[in-house]
Amino acid sequence: MGAYHAGSLAVQQLVGVRERADHTGRALGQDISVAAAAFLGRQPLLVVGGPDPATGRVWTSPVTGTPSFIRATGPRQISVAGGPPPTDPLATALATPGTPVGSIVLDPRTRRRLRLNGRARPTAGGFAVEADQVFGNCPRYIQRRETYERVEGRTPDAVRRTGRLEPADVDFVRAADTFFVCTVHGDGADVSHRGGDPGFVRVTSPGELRWPDYPGNAMFRTLGNLYADPRAGLLFLDWETGGTLQLTGEARTEFSDAGERTVCFTVTEAVRTTAAVLLRWSAPEYSPANPDD
């Protein structure tokens, strides 16, 4: 698989960063290094996304466990103990062999993140992902959270589904300093992180969100995927209570003459779960890279 597909190449050309993208694309590989394997083994949170094989809708979900629940079990494979509950909209995809998935492990304590994309298959104790691409990202826009604790007594409330955002969801999104986005293309899926000061994601209606696309590594994997396929899935996480808001829909990117980029996301379905994640993180220290909007 090449570093970039046609969608990413088109956006790189449009923005004028093709040479830089070729340089940063050298970080893309298939093998999980010793350092990457050790990093994975220390983390309590994995975010994974992909398309539902039945509906085609794209979802992004959290999976948690005690450190070492994610293990590199081969030079190009990770195994995950556990997975999302059966009520999670991504559960069917992870139970279907060969589903294209993207994943990201983000450590707020060190502002490090690692992305691994490939094909999922169910296992007796959870699921595995055979890697097509493995790469790290810079720490920009990651809010530092120094510590976390596992809250064993949490019990997820019943999942609620609607076709639009409710007032509580609007408040949730407007207060967010971080979310995760899964996008897809013909050859696979990709999960990325977006961060900024609270309010960087705007709710323009119960069915539409907008956020600025801040300067990054010039790969334009997310925007490149959206250029070719508008389907996307978002995950908003309450880092204190463990509540989640999962959205699926379609997104497009608006390019201004001033060089600014804005992503507009239209909601098809919203899924809310209270206390979905058994982790409570400390208060954030906002990234110094966050723009003053």
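Visitor: What should I look at first to understand the side chain of N290 in this one?
Guide: Here N290 is to be found in the segment after β17 (279-281). When its relative accessible area of 7% is taken as the criterion, N290 is described as buried. One polar contact links N290 to D197, side chain to side chain, over a distance of 3.0 Å. N290 has contacts with Y141, Q143, G195, G196 and D197, leaving out every residue within four places of it along the chain.

Visitor: Could you clarify how one ought to interpret the nonpolar core in this entry?
Guide: By size, the foremost hydrophobic cluster in this structure holds 29 residues, and its most contacted members are L209, L234, F236, L247 and F265. Those elements giving two or more residues to this core turn out to be α5 (167-175), β10 (178-185), β13 (208-212), α6 (221-228), β14 (231-237), β15 (244-255) and β16 (261-273). If one sorts the elements of this core by residue count, β16 sits on top with four residues. Not counting residues up to four positions away in its chain, the partners in contact with L209 are L165, V173, V201, R202, V203, T204, L234, F236, L247, V263, C264 and F265. Membership of the second largest hydrophobic core comes to 25 residues, among which are I32, F69, V101 and V271.

Visitor: Please clarify how the sheet that holds strand β2 (residues 58-64) should be interpreted in this entry.
Guide: Backbone-to-backbone hydrogen bonds join strands into a sheet, with any given pair of strands oriented parallel or antiparallel. Pairing is antiparallel in the open sheet, where seven strands are placed in the order β2-β1-β5-β6-β7-β4-β3. Two strands bound the open sheet, and with one partner strand each, they are β2 and β3 (70-74). This sheet shows a mean twist of 35° between the axes of neighbouring strands, independent of strand direction. Note: β3 against strand β4 (residues 77-81), four bridges, orientation antiparallel. Bridge assignment links I70 to a residue of β4, and that residue is V80. Across the sheet, helix α3 (residues 34-41) is in contact with β3, β4, β5 (99-107) and β6 (112-123); its angle to β6 comes to roughly 80°.

What counts, and where the lines are drawn
Residues numbered from 1 in each chain as written. Predicted model: local features only at pLDDT ≥ 70, side-chain atom pairs only at ≥ 80, totals over all residues. Heavy atoms only, no water. Helix = DSSP H or I, 4+ residues; strand = E, 2+ residues; numbered from the N terminus. Buried < 20%, exposed > 50% of the residue type's maximum accessible area, 1.4 Å probe, protein only. Polar contact = N/O pair within 3.5 Å; in protein donor to acceptor, adjacent residues only side chain to side chain. Contact = heavy atoms within 4.5 Å. Core = buried A, V, L, I, M, F, W, Y, C linked by side-chain atoms within 4.5 Å. Pairing = 2+ DSSP bridges. Axes fitted to C-alpha atoms, helices over the stretch in contact; angles between N-to-C directions.

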